[in-house]
Amino acid sequence: MAEEKKVNIPESELNVLKEKAAKVDESLDKMLRLQADYENRRKRQDRERVDFLKFANENLITELLRVMDDFERAIDSAKNSNDAKVLLEGLEMVRHDFQDIMEENGLKGIDPKGQPFDPDKHEAIEHIEDDGHPANTVLEVMRRGYELNGKILRPAAVKVSKKKKEEENKSEEEI
């Protein structure tokens, strides 16, 4: 075993060392508390984020319950009536309510018929030769597109005009 050496340190230096050791202990304690506070805060924020995401659509879902109720009434009405016109009117009212709720929550339909084709907002599913419209004009909307607060959720599926082959060949010959 190693022998312990005794060192004579003046009392004033010993007191200074003891004060420094106490400050180190105090700093270590503060650091450990801060680290624990940080971990607790991070865990609390994670829980809050999960809860926020879990219930973020609560208001929208509550509003959509109104549409669900309308659909149920329409189905019950259809079971008790043979009048297709009444059923159609009911379905149109339900669609209108649904559309209003979606618009109130930032959803906007994209209806590009007659507008120039925009690949950021439209998906061309067919090109049709047409001399009655300029090239790259949306002729028909096959599936409506939607944007949410300015962000495209789903591009509109469209049919787009193109020049007739004769006109394309003339244009190429002129070049």
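Below, the structure is looked at part by part.

Conventions adopted
- Residues numbered from 1 in each chain as written.
- Predicted model: local features only at pLDDT ≥ 70, side-chain atom pairs only at ≥ 80, totals over all residues.
- Heavy atoms only, no water.
- Pairing = 2+ DSSP bridges.
- Helix = DSSP H or I, 4+ residues; strand = E, 2+ residues; numbered from the N terminus.
- Axes fitted to C-alpha atoms, helices over the stretch in contact; angles between N-to-C directions.
- Buried < 20%, exposed > 50% of the residue type's maximum accessible area, 1.4 Å probe, protein only.

A sheet is described by the order of its strands in space; here three strands give the open sequence S1-S4-S5, paired in antiparallel fashion. The sheet is open, and its two edges are formed by strand S1 (107-110) and strand S5 (151-154), each paired on a single side. Strand-to-strand twist in this sheet, taken as the mean axis angle between neighbours without regard to direction, amounts to 35°. For strand S4 (residues 145-148) and S5, the ladder comprises three bridges, and the chain directions are antiparallel. Considered in S5, the bridge of Glu 147 is made with Ile 152.

Summarising burial for strand S6 (residues 156-162): six of the seven residues are buried, a large majority. Where strand S2 (residues 122-129) and S6 come together, seven bridges link them in parallel fashion. Among the inter-strand pairings, His 122 is bridged to a residue of S6, identified as Ala 156. Note: strand S3 (residues 138-143) against S6, four bridges, orientation antiparallel. For Arg 143, the partnering residue across the bridge sits in S6 and is Ala 157.

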